[in-house]
Amino acid sequence: MRASSWTYTHPLRAHWASTSFQPRLLTHPCHRPNQVTFMAQRRASTSTKWTEEDRARIHIMGLNTHGILYGHSLGQLRARPPLTYIVPSNRRVLQLAMLNGEIEVIEGDDHNITDGFDVEACDQLPSSSLYEYPSTSHVRINTFTLPAKTKFNNDPSELGYGSGQRLVVESTPAERKISTADLVLLDNEKAKESLGPIKNLICAVDVQSVVRALQANKHRLSRESTILLTAKGMGIMEMINEQVFPNPKTRPTYIPGVFSHAVWSGKDNTNSAVLSAEMEARFSGVEERVNQSSLAVKRLPFGSLLLGPVAAVEGETIKQRNTRQKCASYLLSALLDPGASLGASCVSADKLLFTRLRDLTIASVIGPTTVRYNCNNCGIGADEERIAHVESRLREAARIVQAYFPALTYEYLAQGLGNYLIMSGDRFNTMFKNVVSGIKSNIEWNNGWLVKQGRILARGGPSLCPGHEDDLVYIQDMTTKAALLLQEREKEARLTRAAQRPMEEQSREEPVQKSSRERATGACHPFA
């Protein structure tokens with residue numbers, strides 16, 4: 001097969017230069033050309049010497065619904081950047097390999113399949129569950145890595161925002177798909193040394209996992225790195241600065257954003273019976289196997305990604321800020337490319353804060369209510385009692401956020417909440433599923449933030465958010481109870497499996513003993 005070349009042009013445009021290439025129309029499901037790229041063998045530092053591949057690669061932290069949509073969208077670019085998923089376990093690496101490295105996004109009757117991703121397993125992160133199931137244990141640190149297939153010939157550091165420079169990538173089209181045969185087993189230390197620096201990072205994990213995920217990859221990030229932060233809630237960047245990057249001189253550049261796409265797992269449109277069956281599977285040993293179900297999400301054909309200004313660093317000069325803006329230009333260009341279909345746009349800091357507060361208010365009402373009344377999203381309006389509860393919580397939250405933007409009135413927020421319920425249908429809320437599973441939710445960054453702001457605004461008087469304060473305690477208490485209950489169930493399941501194991505071994509030995517007796521007496525197979 002003749003070697004081909006991808007020619008990248010401004011801004012992130014490309015054409016395929018090959019004498020053997022014939023354009024054709026793709027039908028759904030559409031399979032992108034497989035591109036398995038390599039990882040640089042270098043650690044990050046405060047003054048990283050980036051390779052061309054380092055600068056062009058975009059890492060996506062998290063293979064959840066948001067992470068899948070990011071990977072699919074960037075994978076559709078004509079000038080596709082090299083993409084790497086960072087996942088928390090080897091089981092996720094194996095799952096992607098068993099699926100030929102494919103992820104799927106479903107829009108109505110259209111099934112869009114994208115492949116050609118690298119995947120890395122990072123350090124074992126502390127579980128967000130209050131009780132960590134034994135099945136979550138795995139070998140740590142990028143135990144499996146995929147082989148190199150792509151070579152970069154020039155420096156893409158100046159790409160984006162009218163630079164006029166081009167990035168040329170040479171590759172040999174790979175006909176076969178990724179499989180488990182591509183996986184290379186490394187011991188922990190060698191695997192850790194093989195992890196290269198991260199220049200562009202999309203942090204797609206939930207807010208309760210952001211700090212742990214960034215801490216696990218802190219040694220790969222430097223002041224020249226850029227991180228997109230779209231986790232829902234307030235006080236996230238302040239938390240990261242305090243717990244992960246306290247030194248502003250070595251702190252990466254943050255791009256704050258609001259991800260407003262309607263995207264969900266195919267299993268989310270479910271009922272309590274299905275959730276109960278999934279929980280039972282944890283105690284039957286099924287969860288110890290690698291999940292071979294497709295990495296597919298569903299999405300509605302609308303949504304947006306709002307990108308705010310690069311986060312300011314206290315005490316920096318105009319020159320330093322311009323330098324950080326330049327560092328972020330490549331990732332911003334990829335996200336803003338119309339070919340990515342993310343509906344991305346740059347907005348002011350005020351517009352971003354307004355949208356974030358609106359979404360926080362809606363989430364702070366719906367999530368806890370679904371737990372309190374044991375229902376899905378639409379169930380919160382099933383009777384007068386629930387409606388009164390929702391109205392009370394919404395009025396409390398509106399009183400707080402109006403201190404920032406008077407336009408966030410109760411009437412405006414009520415309309416937004418109603419639109420959200422119509423869009424989400426009968427799916428179960430993420431907080432509901434987290435509580436049932438004994439997993440920490442984002443309530444501290446939603447309701448918890450409202451409670452703190454209510455105390456500040458009260459100036460020593462009665463709390464302005466007594467209802468949300470009650471919800472905060474209630475959800476934390478229910479999560480703890482669920483975790484302890486699941487812990488007891490797991491202990492019972494362990495004892496049951498231990499008791500069954502000798503019986504299973506005995507049943508496997510009986511046919512062998514019987515066959516030996518038959519051979520000794522001259523017995524033979526009836527069809528021999």
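Everything discussed here concerns the structure shown above.
In what follows, the accompanying structure is described. Quick caveat, the model's predicted, so the values are computed rather than measured.

Cut-offs applied
Every chain begins its residue count from 1, and numbering advances along the sequence as written. With the structure being a predicted model, the display of local features is reserved for residues of pLDDT at least 70 and the display and counting of side-chain atom pairs for 80 or more, all residues being used for whole-chain, interface and lining totals. Only hydrogens and water are set aside when side-chain values are computed; all heavy atoms of the structure are taken into account. The criterion is simple. A nonpolar core is a set of buried Ala, Val, Leu, Ile, Met, Phe, Trp, Tyr and Cys residues joined through side-chain atoms within 4.5 Å. Think of it in three bands: residues with accessible area under 20% of the maximum for their type are buried, residues over 50% are exposed, and the middle band is partly exposed, with areas taken using a 1.4 Å probe on protein chains only. Every helix listed is a DSSP run of H or I at least four residues long, and every strand listed is a run of E at least two residues long, numbered separately from the N terminus. Residue contacts are counted whenever heavy atoms from the two residues lie within 4.5 Å of one another. N or O atoms closer than or at 3.5 Å make up a polar contact, with two conditions inside protein: a donor-capable atom paired with an acceptor-capable one, and, for residues adjacent in sequence, both atoms drawn from side chains. At least two DSSP bridges between two strands are required for those strands to pair. Angles run from 0 to 180 degrees between N-to-C directions of axes, and those axes are lines fitted to C-alpha atoms, restricted for helices to the stretch in contact. One axis fitted to the seven residues ending at a residue, another fitted to the seven starting there: the angle between these axes is the bend at that residue. Roughly parallel refers to an angle under 35 degrees, roughly antiparallel to one over 145, roughly perpendicular to one between 65 and 115, and oblique to any angle outside these ranges. What makes a crossing left-handed is the near helix being turned counterclockwise from the far one by less than a right angle; a clockwise turn instead makes it right-handed. Throughout, the ten residues Ala, Val, Leu, Ile, Met, Phe, Trp, Tyr, Cys and Pro are labelled nonpolar, Asp, Glu, Lys and Arg are labelled charged, and all others, Gly among them, are labelled polar.

### Overview of the nonpolar core
Point 1. Within the largest apolar cluster, 40 residues are counted, with the highest numbers of intra-cluster contacts made by Tyr70, Ile202 and Leu335.
Point 2. It is helix H8 (residues 318-336) that contributes the most residues to this core, six residues altogether.
Point 3. Excluding residues that lie within four positions of it along the chain, Tyr70 makes contacts with Ile60, Ile202, Ala204, Leu228, Thr230, Phe259, Leu305, Leu335 and Leu342.

### Thoughts on the side chain of Thr84
Point 1. Among the secondary structure elements, Thr84 is positioned in strand S4 (residues 83-87).
Point 2. Taking relative accessible area as the criterion, Thr84 reaches 0% and is therefore assigned buried.
Point 3. Only 2.4 Å separates the side chain of Thr84 from the side chain of Arg57, close enough to count as a polar contact.
Point 4. Contact partners of Thr84, with chain neighbours within four places excluded, come to Arg57, Ile58, His59, Ile60, Asp118, Val119 and Glu120.

### Observations regarding the sheet that holds strand S18 (residues 344-346)
Strand pairing within a sheet occurs via backbone hydrogen bonds; the two strands may be parallel or antiparallel.
Point 1. Overall, mixed pairing links the eight strands, which are arranged S7-S4-S3-S12-S13-S14-S17-S18 in an open sheet. Strands at the two margins of the open sheet, each flanked by one partner only, are strand S7 (118-121) and S18. The average angle at which neighbouring strand axes cross in this sheet is 25°, direction not considered.
Point 2. Pairing analysis gives three bridges linking strand S14 (residues 253-259) to strand S17 (residues 305-307), with the strands arranged antiparallel. Pairing of Gly257 across the sheet is with Leu307, part of S17.
Point 3. Sheet strands touched by helix H2 (residues 65-75): strand S3 (58-61), S4, strand S12 (200-203), strand S13 (226-229), S14 and S17. Its angle to S4, the strand with the most contacts, is close to 170°.

### Regarding the side chain of Asn376
Point 1. Structurally, the position occupied by Asn376 is in the loop between helix H9 (349-372) and helix H10 (384-401).
Point 2. In terms of polar contacts, Asn376 uses its side chain to reach the backbone amide nitrogen of Gly379, at 3.0 Å.
Point 3. Every residue in contact with Asn376, bar those within four places of it in the chain, is listed here: Thr370, Asp426, Arg427 and Phe428.

### Some words on the environment of Thr480
Point 1. Along the polypeptide, Thr480 turns up in helix H14 (residues 466-520).
Point 2. Separated by 45 residues in sequence, Thr480 and Val435 place their C-alpha atoms 8.4 Å apart.

### Re H8
Point 1. At Ser329, H8 shows its largest kink, close to 40°.
Point 2. Buried within H8 are the following residues: Arg324, Cys327, Ala328, Ser329, Tyr330, Leu331, Leu332, Ser333, Ala334 and Leu335.

### Thoughts on the packing of H10 against helix H11 (residues 410-424)
Point 1. Two elements in contact, H10 and H11, have axes whose closest approach is 9 Å; the angle formed by their N-to-C orientations is 125°. Relative to H11, H10 is oriented oblique. Between H10 and H11 lies a crossing of right-handed hand. Side by side, H10 and H11 meet where Val390, Glu391, Leu394, Arg395, Ala398 and Val401 of the first sit next to Tyr410, Leu413, Ala414 and Leu417 of the second.
Point 2. Its residues placed into classes, the contact of H10 with H11 shows eight nonpolar, no polar and two charged.

### Details of the sheet that holds strand S16 (residues 296-299)
Point 1. Pairing in this open sheet of four strands is mixed, and the strands run S6-S5-S16-S15 from one edge to the other. Among the strands making up the open sheet, the edge pair consists of strand S6 (110-114) and strand S15 (263-265). Strand-to-strand twist across the sheet, computed as the mean angle between neighbouring axes with direction ignored, equals 30°.
Point 2. Two elements, S15 and S16, share three bridges in a ladder whose sense is antiparallel. Paired with Ser265 across the strands is Val297, a residue of S16.

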